[in-house]
Structure formats: C-alpha cells, structure tokens
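# Structural overview
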Amino acid sequence: MPTITYHQPSGERTTLEVAEGATVMRTAVTNGVPGIVGECGGQAMCATCHVYVRGDVALPERSEDEDEMLDCTSSERTDASRLGCQIAVGGGLDSLEVDVPASQV
Amino acid sequence: MPGVVIVGAGQAGIEAACVLREAGYARSVTVLGEERGTPYQRPPLSKDLSAGGELPLLPLRAPRALAELGVTVIEGARATRLLRGERLVEYTAADGRPHRLEYEHLILATGGTARGTGPGGGQRPGEDAAGVHRLRTREDAQALASALRTARSVAVIGGGVIGLEFASISAAARVPTTVLERGQRILRRFVGGESAAWLHGRHEDRGVRILRQATVEGFERTEDGPVAAVLLAGGGRLEADLVLVGTGVTPAVSLAADAGLECAGGITVDARLRTADPRISAIGDCASFVSPHAPAPLRLESVQNATDQARFVGRALAAELAAPADLAGRADAAEPGGAPAPAQQNYVDLPWFWSVQAGVKVQVAGLATDAGASVVIGDPSAGKFSVLRFAGERLVCVESIGRPADHLAARRLLAAGDGPTLAEARAGRIESLKSWNAVVPV
Ligand SMILES: Cc1cc2nc3c(=O)[nH]c(=O)nc-3n(C[C@H](O)[C@H](O)[C@H](O)COP(=O)(O)OP(=O)(O)OC[C@H]3O[C@@H](n4cnc5c(N)ncnc54)[C@H](O)[C@@H]3O)c2cc1C
Ligand code: FES
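Basis of the calculations
- Residue positions are counted from 1 within each chain, in the order its sequence is given.
- Chain labels run from A onward and ligand labels from 1 onward, assigned in the order the entries are written.
- Reporting in this predicted model follows two pLDDT cut-offs: at least 70 for local features of residues, and 80 or more for side-chain atom pairs to be given and counted; totals over whole chains, interfaces and linings ignore these cut-offs and use all residues.
- Hydrogens are left out, water is left out, and the side-chain values use all remaining heavy atoms of the structure.
- We call a residue near a molecule or strand as soon as one heavy atom of that residue lies within 4 Å of the molecule or strand.
- Residues adjacent in sequence count toward polar contacts only when both atoms are side-chain atoms; beyond that, a polar contact is any pair of N or O atoms within 3.5 Å, and within protein one must be able to donate a hydrogen and the other to accept it.
- Method for areas: the Shrake-Rupley scheme with a 1.4 Å probe, in which residue coverage is limited to the protein chains shown.
- Runs of E in the DSSP output that reach at least two residues are strands. Runs of H or I that reach at least four are helices, and both are numbered from the N terminus.
- Note on residue classes: Ala, Val, Leu, Ile, Met, Phe, Trp, Tyr, Cys and Pro are nonpolar, Asp, Glu, Lys and Arg are charged, and everything else, Gly too, is polar.
- Start and end points for every domain follow an automatic or database-based domain assignment.
- Two strands are said to pair when DSSP picks up at least two bridges between them.
- Whenever a helix is involved, its axis is fitted only over the stretch in contact; in every case the axis is a line through C-alpha atoms, and angles between N-to-C directions fall within 0 to 180 degrees.

### Some points on the site of ligand 1
Residues and elements named next belong to chain B. Neighbouring ligand 1 are 30 residues, the closest being Ala 12, Glu 35, Lys 47, Arg 136 and Asp 285. Glu 35 is positioned with one of its side-chain polar atoms (N or O) 2.5 Å from an oxygen atom of ligand 1. Between ligand 1 and Asp 285 there is a distance of 2.7 Å, counted from an oxygen atom to a side-chain nitrogen or oxygen. Burial of ligand 1 by the protein amounts to 93% of the accessible area it has alone, namely 990 Å². Elements represented by at least two residues in the shell around ligand 1 include exactly α1 (11-22), β2 (29-33), β4 (78-83) and α7 (303-321). Taken together, the residues of the shell around ligand 1 break down into 13 nonpolar, 9 polar and 8 charged. There are two domains that each give the shell around ligand 1 at least three residues, and those are domain 1 (3-111 + 252-322) and domain 2 (115-248).

### Topic: the sheet that holds strand β13 (residues 227-232) of chain B
All names here are of chain B. The sheet built from 3 strands is open, its strands ordered β12-β13-β14 with antiparallel pairing. Edge strands, defined here as strands with exactly one partner in the open sheet, are β12 (216-221) and β14 (237-239). Each strand axis lies, on average, 25° off the axis of its neighbour in the sheet, ignoring direction. Where β12 meets β13, 5 bridges bridge the pair, whose relative direction is antiparallel.

### What about the sheet that holds strand β8 (residues 132-133) of chain B?
Residue and element names in this part refer to chain B. Ordered by their spatial adjacency, 5 strands build an open sheet running β8-β15-β9-β10-β11, and the pairing between neighbours is parallel. The open sheet has two free edges, formed respectively by β8 and β11 (208-211), since each of these has just one partner strand. Here 4 bridges tie strand β9 (residues 154-157) to strand β10 (residues 177-180), and the two strands are oriented parallel to one another. Bridge pairing links Ala 155 to Thr 178 in β10.

So yeah, pure geometry; function would need other evidence.
Encoded structure:
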C-alpha cells in the first residue's frame, strides 16, 4: 500500500497507509493529522492544505490555479510548496513525505 | 460546573467546539448533532457528486481529532427544547430517550433545511413525489447520485449556486438539463449582473438550458407515483424524471423561537453574535447578524460565515468564561483574581464565497450587489476576469472567475479597506489586484 508521511513543526511524525489516489489533504483530514485544514473541500480555492513536499519526487506540475493560490499561503511559500488537495500517491508514486507548515489560516 | 453545549454538529458547531478547546476553555464541550455518523463538509456534496458514484465524505474533523481535543459529539441527538431559566437543553438521544443537559453557555448552530417551491418555503402538491430531490445532507447527495444514473431528463428549480452546480454535473453526464429560474437572472444572491450573464452563457454553451421568469406551480406524477413533469405558471410543462429543488434554505430557528428569542429571517443576534439572552449565541446558517459590510441585518450560508463566526464566538467565550485559575500564566490573562475582561470586539469579518460550476471557479469577496458602478479587469473571453464593485468611490466587492490571486488579494484589500477607488480603477491600469499595492503612489 502507498504511504504518506506527515512531519509536524514539533518534530512529530505520522505515517499512514492509504489507497491509490489518496490526496495529502483528504488523508490528513480523514485521519485527524493536525495542521491541515482543507476548508474548500479540495477545490484548490482556500490554500489551507499547504504542505512542503520532501525530496525530489515526480509529482504532476502545479496548475495555474494551484500556483496562484500558493502565492497566498499563510506560511511562507518555498520551492517545495504544494496544495495538499492537488497531490496524491499512486500511479508509480508509492510514498510521499511532507512537512506541515506552522499555520494555515 | 456545566460547560458549553452546542446544538448542531455542522460546519459552525464543530468549529466552535474545537476553537473553544484550542483557545484553552477547560470545562466540558458537548455538541448535539441530529445527523448520524461523522460530521462532514457539505460543499463537496454538490461538487464531487457523480452519476451512480459513491460519494467520498470529507469529515469536518476526524473523530480522533475531536476526541483528542476533548470535544464530545453526541450523534443522533436532537435538541427539542430550551429551558432558559434553568439553563437546560432537552434532547432526544439516538435511542429515542429524552435527556437534559445543563450549560453555562449555549451555542445554536442549527443550520437550516432545504426550502420547498411553495409560499414561505413550503411544499407544493406533488413535491413529495419520488424523483423530486433536495440537496442538503449526505443522504440527499447519495440519493441524487443514484437517481442521476438512470435519469432521462433533469429539471432544476432555482438558478442559485447549488442548483447550477448540480446542473453542471448532470449536463456533463449528458442528461438533458433545464434550470427554471423565477427571477430575471440567475445567481442573484451570489454575484452581480455581469458575472451572472457571463456564467449564463457559459452554462448554455455546456448544454444547460436556462429558463428565466419561470414560476413553478406544481408537479405532475406518473401513474405509479414518481414525478413526470414540472408545471409552470402560464401553462408551461417541462417533462422531467429527476427534479432538484434548489430554492434556498429555511433557517432552523424553532428552538430559539419557542424559547421566546427573537427570530427575524434567522435567529437574531447582535454584533457579538449573542441573542438577547447573554448565555445564548447563534452562528452560521441559522443566525441573522449585523455586519459592517451590510446595511441591514443579514443571514449568510457559507463556509466562511460558519467558520469565522464559530472562531469569533469560541475565542470570546474561552476568554470570558475562563475561571481566574485557568487564566494564570496566560499571556493575555486579566489580573489574577480580578474578573476576566470579556472580549468586547464585534464580529466584523469580511464575507467571501466560492462555487464551482460550468467548469469554472467563481470566488466572491464581499457582498455582491447590482447597485453602484463596476469595473472589469482581466479577460472575460478567456474565462479569467474579476468584476470590481463600488459603493460610490469605495471598493466593496470583487467577483473573480478563474482568477484566484485576485480573490485572495481582494479579501485582504477589502478587509483593510484600502482597495483601489472607482476613479483609480476607471483609469484602467489595474492588471491584477495582487499587484495593486505595488502601483499605488503613497
Ligand atoms: C450541497 C451544498 C454545497 C455547498 N457549497 C458551498 C460552497 O461551495 N461554499 C460555501 O462557502 N458554502 C457552501 N455551502 C454552504 C455551507 O455548507 C453552509 O453554509 C454550512 O454548512 C453552514 O454551517 P452550519 O453549521 O451553520 O449549518 P449545517 O452545516 O447545516 O449544520 C447544522 C447541523 O445542525 C443540525 N441540527 C439542526 N437542528 C438541530 C437540533 N434541534 N438538534 C440537533 N442538531 C440539529 C443539523 O442536522 C445539521 O447537521 C454548501 C451547502 C450545501 C448544502
Ligand atoms: S483544500 Fe482548499 S486549497 Fe486544498
């Protein structure tokens, strides 16, 4: 099974086994991983699911919408910034590790 | 000591419960929720719905997260009566047994129910027929998804946000879809005329037929009972085997009203979201509140409104109800031993909305109105533009289609009250709101 690992600012780490196609946002919200809100329900419209992706993984490019939203996150945007609702495991990508930012709203 | 009781385990109620805890409230937090199962987000119901498909529910917060915070949610519990003198709420538990719960503060977050097509939101004859749907709960969405699998023609009553979101889905599923709008134009409560006209065209391009000034008078049923057609004023008849009534929401006010609290188009609350009883607040879809962004009391149905009001009330109560001992050591604490200073600020948050329909994302910051001047920036022909709305010279609302950065900038500018003036916008040099700050000469 694919896995997603969440690193909290406190250093705490959670690894979850998930189904193919599970997004970083939905997995976090469904399992109560703190620090990921997902207020728009995954429509790339709220930027409250911001994460920093660890390592050099093959994720689809940011859409224009995602790119614009990432300019407006509550915690600083870096090259590793993605919207958690727009990235998923599966399709050859078996694991994802992300850092949860200090704030979302 | 009794704690805070919240009626309604929806967007507002769950958020308020969590914020109370996160802000340090130490006594019990209990949420009574009539719906069964894990409390869930409603917006995906009309966006992730697909013909015949399973609808993956998105929880508001995971049960584990609620438990860790120390929030008790009683599922299947319907509050039936408030005894304000004794600070008690009566409820019927999932097993049908009556219970009572004492509170030191009560938050009403009861949301609302889908309106019918009749006067006052009631149902017209035939509206209870099989095939006539509403869309408010997960059960509604599941029923719609399975009905859409076999539907031959869809009629949506009401050209509002939910009706048009569903029409987008049913038309994309290649089911002939007609929207019946009673007024002169669609989306009257959501966007102004320019955006509505643009979206109207876009819906029609994608196969949604929209009839305006179409007033529903009743429903025709087939012999074995299900709906066969929608009947219109003036003798029109529209065949449909799937009807979605999307005529809005009736706020759930009966608990408050029966307890003698004022209700006028919602549970009446003041600028701090309190009812006339200082121990009872109301938030979210059920509350009629005053706002610096609106000339008259208003009731809004949005995630922003539910969560921001929940955060406001949760934080204010956590500060106000904290026992002096709880406050010791907190940076913002009042003098130890002295009465904690109640938070006296008003709720002033800027309303904002979003919708996904006709294949585009629509975001609105502020309250749309057709009064006043407007300026369009961006490129409507490319499906990427924003409409800036003004009251006099002052920017009051921005509607963005395919321009999320404008929307986020607009929220910031409107909240701070320093957006471009009408004259500045008309001078025609605003390419995007995001870069607006950069171009203002100080
Ligand atoms: C299909 C759909 C799509 C939407 N899309 C969007 C969108 O894209 N963007 C947006 O901003 N907003 C959207 N909304 C609106 C948004 O979901 C609501 O504004 C929000 O859910 C309001 O939260 P609330 O807590 O006030 O009410 P609700 O979420 O309705 O919660 C109220 C709860 O209280 C319960 N309750 C009522 N009376 C009692 C009682 N006596 N005892 C116990 N429990 C009781 C109800 O069963 C309900 O579960 C959408 C709504 C729907 C239905
Ligand atoms: S959930 Fe809103 S942007 Fe990802």
